[in-house]
Amino acid sequence: MKLITAFIQPHKLPEVKAALFKDGINKMSVSNALGCGQQQGFDETYRGVKHTINLLKKVRLDIAVNDDFLDKAIKSLCAAAKTGKIGDGKIFVTELSQCIRIRTNESGNEAIG
Ligand SMILES: Nc1ncnc2c1ncn2[C@@H]1O[C@H](COP(=O)(O)OP(=O)(O)OP(=O)(O)O)[C@@H](O)[C@H]1O
Ligand SMILES: [Mg+2]
């Protein structure tokens, strides 16, 4: 089991969501986030006058998947979120040691899928 944590441009959320649903990935958590990457929150124009880090609005997705869904989740997420410009986002993948569905006490692969 893996946990995919992705930061994307907010306006890309509908497209990303549709792409994931199409691939059978229909469980996710979505939240608003503030963040910056290697431009420290400024685009090229502001580099000369940058004094501090600037936090930009991003959307965070947390998606727990069984291992056989990982590759296609990343592929469709990337394809849908990409514009080719700076700030398109980033995806982190971490090992997930457990998942429990509270209602049924199911755990592991069954609880995620
Ligand atoms: N190393 C990191 N740790 C935690 N969050 C990060 C990290 N890098 C990026 N993020 C999150 O991802 C968002 C999008 O990052 P962004 O796409 O700007 O990455 P980047 O490395 O600057 O790539 P690019 O040069 O394409 O802009 C950031 O606003 C931040 O929320
Ligand atoms: Mg950036």
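Criteria and thresholds
Residues numbered from 1 in each chain as written. Chains lettered and ligands numbered in written order. Predicted model: local features only at pLDDT ≥ 70, side-chain atom pairs only at ≥ 80, totals over all residues. Heavy atoms only, no water. Helix = DSSP H or I, 4+ residues; strand = E, 2+ residues; numbered from the N terminus. Buried < 20%, exposed > 50% of the residue type's maximum accessible area, 1.4 Å probe, protein only. Contact = heavy atoms within 4.5 Å. Areas by Shrake-Rupley, 256 points an atom, 1.4 Å probe, with all protein chains shown as cover. Lys, Arg positive; Asp, Glu negative; His and termini not counted. Charge placed at Lys NZ, Arg CZ, Asp CG, Glu CD. 1 Å grid on protein atoms, 1.4 Å probe; cavity = no way out; pocket = protein on both sides within 12 Å on 5 of 7 lines; lining within 4 Å. Points joined across faces, edges and corners; volume = space filled by probe spheres on them. Nonpolar A, V, L, I, M, F, W, Y, C, P; charged D, E, K, R; others polar. Axes fitted to C-alpha atoms, helices over the stretch in contact; angles between N-to-C directions. Parallel < 35°, antiparallel > 145°, perpendicular 65-115°, else oblique. Left-handed = near helix turned anticlockwise from the far one by under 90°.

J.: I'd like a rundown of the overall build of the chain, residues and numbers included.
T.: Helix and strand content of the chain: 3 helices and 4 strands. Element order for the chain, N to C, with α for helix and β for strand: β-α-β-β-α-β-α. Counting over 113 residues, the chain shows a buried share of 32%. Within the chain, residue pairs in contact and separated by at least 24 positions form 72% of the contacts whose partners lie at least 6 positions apart. When the accessible area of the chain is evaluated, it comes to approximately 7,500 Å², of which 53% is carbon and sulfur surface. Computed over 17 positive and 12 negative side-chain charges, the separation of the two mean positions in the chain equals 6 Å.

J.: Let's hear about the layout of surface pockets: which residues, and what values?
T.: In this model, the largest pocket occupies a volume close to 560 Å³. Together, 22 residues line the largest pocket, and Cys36, Gly37, Gln39, Lys58 and Gly87 are the ones closest to its centre. When contributions to the lining of the largest pocket are tallied by element, the ones reaching two or more residues are β2 (29–35), β3 (56–65) and β4 (89–95). Looking at side-chain class alone, the lining of the largest pocket contains 8 nonpolar, 8 polar and 6 charged residues.

J.: Lay out the packing of helix α1 (residues 13–22) against helix α2 (residues 67–81) with the relevant residues and their values.
T.: For the pair α1 and α2, the least separation of the axes is 8 Å and the interaxial angle reads 150 degrees. What the angle tells us is that α1 and α2 run roughly antiparallel. Here the hand of the crossing between α1 and α2 comes out right-handed. In this structure, α1 uses Glu15, Val16, Ala19 and Leu20 to contact α2, whose residues at the interface are Ala73, Ser76, Leu77, Ala80 and Ala81. Each residue belonging to the contact of α1 with α2 can be placed in one class, and the counts come to 7 nonpolar, 1 polar and 1 charged.

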